[in-house]
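An overview of the molecular structure
Listed here are the chains, written in short residue letters.
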Amino acid sequence: MKGISFNTWPYSGFPVWVPSYPLDEVINRISSFGYDAIEIGCASPHAWPDYLSKERRQEVLKLLKQKNLKVSAMLPAPGGGPGMNPSSPLREERAFTINHYKEVVRLAHEWECPTVIWVAGWVVHGTAQKDAWNYSAEGLADVARYAKELGVTIVVEPTPADSNLIETADDALLLSEQTGESNVKVMFDTFHALYRNEVASDYVYRMADKLHHVHIADSDRLPPGQGRCDFTAVLKALKDINYDGYLSMEVGFHTRQAEPDWYARTSIEYFKAKLAEIGY
């Protein structure tokens, strides 16, 4: 395993507006808590590509290196604003979304990040499920070919709690396989597995050698150990398949009532102890 990462969403960007911290502040805090990496949501004020000059990008990379913090993955803001829906029935929206994804991939490359997350989109009322699926598959293949040239892997995430297109492990695997691109893999989020009343460790075995990234969250987006997910089973499964990616905490961003530092500290304290317990 490469290490433990923390997603920037609870420090602002999606879906709530506050609290809101500059990316430099978030990097400093996440580093101080002992994380190996940071997962960056590509929304303002952290990393909306259009708002980042060449100089600013270099400043951020320099700070990451100073703090010995890797970037585990990057992902677009999937809702609000322009939408970022690759399954949209609007040709213009799909084109904008694909271009945005390519900008995120470019930024990931510049920040030495190996992975960009593909949120496949959602079916808009009046659009056939098959059409929405095909729109997403076409966009994914386009972005994947661009990413391959930059050495970036694209991972498809099932998001049933928030969308209605890619809802299961098999959905993610099928979409990734249909692209025919070797740099398209899959990931899953324990929160979304729990949402479907499924066993999170089953996702590990089902995705197996295609599993490239993992989001960790307990029920209700609580820190691991605070809800009903069996993380001992998840970690044992990951060990069984020789998983060598990051475990990224994606917690506490669903409500303004969340105190981000508490979520970050509580998550890494629990996971370090759990990893030691099972000898991972």
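Let me sum up the structure you'll find in this document.

Thresholds applied
Residues numbered from 1 in each chain as written. Predicted model: local features only at pLDDT ≥ 70, side-chain atom pairs only at ≥ 80, totals over all residues. Heavy atoms only, no water. Core = buried A, V, L, I, M, F, W, Y, C linked by side-chain atoms within 4.5 Å. Buried < 20%, exposed > 50% of the residue type's maximum accessible area, 1.4 Å probe, protein only. Helix = DSSP H or I, 4+ residues; strand = E, 2+ residues; numbered from the N terminus. Contact = heavy atoms within 4.5 Å. Axes fitted to C-alpha atoms, helices over the stretch in contact; angles between N-to-C directions. Parallel < 35°, antiparallel > 145°, perpendicular 65-115°, else oblique. Nonpolar A, V, L, I, M, F, W, Y, C, P; charged D, E, K, R; others polar. Polar contact = N/O pair within 3.5 Å; in protein donor to acceptor, adjacent residues only side chain to side chain. Pairing = 2+ DSSP bridges. Right-handed = clockwise from strand over helix to strand, strands pointing away. Phe/Tyr/Trp six-rings, centres within 6.5 Å; stacked < 30°, edge-to-face > 60°. Lys NZ or Arg CZ within 6 Å of the ring centre and 35° of its normal. Salt bridge = Lys/Arg side-chain N within 4 Å of Asp/Glu carboxyl O.

1. Some words on the nonpolar core
Soluble globular proteins tend to bury their nonpolar side chains together. With 93 residues, the main nonpolar core has Tyr35, Met74, Trp111, Trp118 and Ile154 as its most contacted residues. Top element by residues in this core is helix 4 (residues 129-149). It accounts for 7 residues. Setting aside chain neighbours within four positions, we find Trp111 in contact with Leu23, Ile40, Ala47, Leu52, Arg57, Val60, Leu61, Val71 and Met74.

2. Things to note about the packing of helix 1 (residues 23-32) against helix 2 (residues 54-66)
Running from N to C, helix 1 and helix 2 cross one another at 10°; their axes reach a closest spacing of 10 Å. For the element pair helix 1 / helix 2, the angle class is roughly parallel. For the pair helix 1 and helix 2, contact is made by Leu23, Asp24, Ile27 and Asn28 and by Arg56, Val60, Leu63 and Leu64, respectively. Split by residue class, the contact of helix 1 with helix 2 holds 5 nonpolar, 1 polar and 2 charged.

3. Topic: the side chain of Thr179
Summarising the element assignment, Thr179 is placed in helix 5 (residues 169-179). Take Thr179: its relative accessible area is 12%, and that puts it in the buried class. Only 2.7 Å separates the side chain of Thr179 from the backbone oxygen of Ser176, close enough to count as a polar contact. Among the polar contacts listed, one links the side chain of Thr179 to the backbone nitrogen of Glu181, at a separation of 3.2 Å. Sequence-distant contacts of Thr179, that is, excluding residues within four places in its chain, are made with Ala137, Leu140, Ala141 and Val184.

4. Considerations on the pairing of strand 3 (residues 70-76)
Burial analysis of strand 3 places 6 of its 7 residues in the buried class, which makes it a mostly covered element. Looking at chain direction, strand 2 (residues 37-42) and strand 3 are connected through 6 bridges and run parallel. Directly across from Ile38, in strand 3, lies its bridge partner Val71. In this fold, strand 2 hands off to helix 2, which returns the chain to strand 3; that crossover is right-handed.

5. Remarks on the packing of aromatic side chains
Summed over all chains, the structure comprises 12 aromatic pairs. Note on Trp262 and Tyr263: the rings are 5.0 Å apart at their centroids and 90° apart in plane angle, and the pair reads as edge-to-face. Pairwise contacts between aromatic rings join Phe6, Tyr11, Tyr21 and Tyr35 into one cluster. Across the ring face of Tyr135, the terminal group of Arg94 is positioned such that the distance to the ring centre comes to 3.7 Å.

6. Things to note about the pattern of salt bridges
Within the structure shown, the criterion is met by 15 salt bridges. A salt bridge links Lys148 to Glu181; the nearest nitrogen and oxygen atoms lie 2.8 Å apart. Here Lys148, found in helix 4, pairs with Glu181, found in the loop between helix 5 and strand 6 (184-189); they are 33 residues apart in sequence, far enough to count as distant. Given a relative accessible area of 39%, Lys148 falls into the partly exposed group. The salt bridge involving Glu250 is made with Arg221; its shortest N-O contact spans 3.3 Å. Placement of Glu250 in the loop between strand 8 (246-249) and helix 9 (260-278) and of Arg221 in the loop between strand 7 (211-216) and helix 8 (231-240) is noted, with a sequence separation of 29 residues between them. For Glu250, a relative accessible area of 5% puts it in the buried group. Accessibility expressed as a relative area gives 4% for Arg221, which makes it buried. Put simply, Asp24, Arg56 and Glu59 are held in one network by salt bridges that share partners.

7. With respect to the environment of Val184
You can see Val184 is positioned in strand 6. Taking relative accessible area as the criterion, Val184 reaches 1% and is therefore assigned buried. Separated by 40 residues in sequence, Val184 and Ala144 have C-alpha atoms that sit 6.6 Å apart. Other than its neighbours up to four places away in sequence, Val184 contacts Leu140, Ala144, Ile154, Val156, Ser176 and Thr179.

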